[in-house]
Amino acid sequence: MKDITIEQALSLPNGMHHGMPASIYHQLPYVGSSVLKKFAVNPSTCHDPVEGIPPVGEASHIFSLEGPEKFNETYAILPTFPCPEGNNPKGWKNTNKYKELVDSFLSLVPPGKIILNGEDGAAVKAMDVSLRNHPVTRQIMNRGANELTVLWTDQETGLRCKARIDDYPGKGIANDLKTTNSLASFLGVYRRLQYP
């Protein structure tokens with residue numbers, strides 16, 4: 001399903017669909033699971049049905065759930081160009097030399113790839129290492145279908161709905177990968193994302 005067009009995706013029946021690219025999923029004009037969660041808590045917060053994932057969050061989903069090869073098809077990481085000795089490190093990124101190095105790198109990147117800065121690219125890879133080294137997440141990651149698209153029609157309203165399940169083992173509880181700025185703030189993120 002990786003070469004599916006938006007027109008083909010719009011004609012898919014209700015059910016689970018493997019392999020739909022995130023770019024196509026996000027174009028589907030259906031009510032997404034994030035909006036439904038918000039609606040369940042407070043309907044007045046759902047005036048704008050546009051969903052979005054922070055760039056690092058989306059990149060980490062692709063790297064950890066679909067693999068480094070898929071990540072490299074989608075993203076390019078801007079290298080860290082160290083400040084030459086004798087130059088002012090604070091002003092290095094504003095110099096013509098730095099800009100030339102960036103432009104040279106970008107000229108080699110195929111069109112359509114998303115550019116991540118070096119810090120974000122390192123964070124994505126560090127998150128993957130953390131997931132695979134943790135004794136619990138190591139056991140539950142990648143046990144089944146990753147990035148599974150679920151489509152359904154709400155019986156009461158007739159609205160077409162969609163959800164994207166990060167990791168579904170085929171039975172039992174699905175896993176949902178979330179990113180957070182710090183472990184200290186994770187509990188707040190966790191509570192905010194729960195159904196009431």
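Residues numbered from 1 in each chain as written. Predicted model: local features only at pLDDT ≥ 70, side-chain atom pairs only at ≥ 80, totals over all residues. Heavy atoms only, no water.

**Side note on the overall build of the chain**
Applied cut-off: Every helix listed is a DSSP run of H or I at least four residues long, and every strand listed is a run of E at least two residues long, numbered separately from the N terminus. Each residue's exposure class comes from its accessible area (1.4 Å probe, protein chains only) as a fraction of the maximum for that residue type: buried when under 20%, exposed when over 50%, partly exposed otherwise. Here, two residues are considered to be in contact whenever any of their heavy atoms come within 4.5 Å of each other. Per-residue and other accessible areas were derived by the Shrake-Rupley procedure at a 1.4 Å probe size, with only the shown protein chains allowed to occlude residues.
From N to C terminus, the chain includes nine helices and six strands. The buried share of the chain, reckoned over its 196 residues, is 32%. Counted over contacts in the chain with a minimum sequence separation of 6, partners at least 24 positions apart contribute 54%. Carbon and sulfur atoms provide 57% of the accessible area of the chain, an area that totals close to 12700 Å².

**Points about the pairing of strand 5 (residues 145-153)**
Operational definition: Strands pair, by our definition, only if DSSP identifies at least two bridges between them.
The pairing of strand 1 (residues 15-17) with strand 5 spans three bridges and is antiparallel. When the bridges of strand 5 are listed, His17 appears paired with Thr149. For strand 5 and strand 6 (residues 160-168), the ladder comprises eight bridges, and the chain directions are antiparallel. Bridge pairing in strand 6 links Leu151 to Lys162. Count of turn residues in the strand 5/strand 6 antiparallel hairpin: six residues, of which Gly158 carries a positive phi of about 80°.

**Some thoughts on the sheet that holds strand 1**
One open sheet holds the four strands; their spatial order is 1-5-6-2, and the pairing between them is mixed. The two strands at the open ends of the sheet, each matched to only one other strand, are strand 1 and strand 2 (31-32).

**Examining the packing of aromatic side chains**
Where we set the bar: Centre distance within 6.5 Å is the pairing criterion for rings of Phe, Tyr and Trp, where only the six-membered ring of Trp is used; planes under 30 degrees apart are then read as stacked, over 60 as edge-to-face, and the remainder as tilted. The criterion for a charge sitting over a ring is simple: Lys NZ or Arg CZ within 6 Å of the ring centre, and within 35 degrees of the ring normal.
Applying the stated criterion to the full structure yields four aromatic pairs. Through pairs of rings, three or more aromatic residues link up here, namely Phe63, Phe71 and Tyr75. Between Arg160 and the ring centre of Tyr30, over which it is positioned, the NZ or CZ distance is 4.8 Å. When the ring centre of Tyr25 is taken as origin, the NZ or CZ atom of Lys162, which lies over that ring, is 4.5 Å away.

**What about the nonpolar core?**
Considering soluble globular proteins, one finds that nonpolar side chains tend to be buried as a cluster. Just so we agree on the cut-off: Here, the term nonpolar core denotes a set of buried Ala, Val, Leu, Ile, Met, Phe, Trp, Tyr and Cys residues that are joined through side-chain atoms within 4.5 Å.
Of all hydrophobic cores here, the largest spans 10 residues; its members are Ile4, Ile6, Ala9, Leu12, Met20, Ile24, Tyr25, Leu28, Tyr30 and Leu151. Those elements that provide at least two residues to this core are helix 1 (6-10) and helix 2 (22-27).

**Quick look at the pattern of salt bridges**
Under the convention used in this document: Counted as salt bridges are all cases of a side-chain nitrogen of Lys or Arg within 4 Å of a carboxyl oxygen of Asp or Glu.
This model, assessed by the stated rule, comprises two salt bridges. Where Arg164 meets Glu66, a salt bridge forms, and the shortest distance between an N and an O atom there is 4.0 Å. With Arg164 in strand 6 and Glu66 in helix 4 (residues 55-66), this pair connects stretches of sequence that are 98 residues apart. Judged by relative accessible area, Glu66 falls into the partly exposed class, the value being 32%. Here Arg132 makes a salt bridge to Asp128, at a shortest N to O gap of 3.1 Å. Note that Arg132 and Asp128 are positioned in helix 7 (residues 118-133) at a spacing of four residues, about one turn of the helix.

Treat this as a map of the structure, not an account of what it does.
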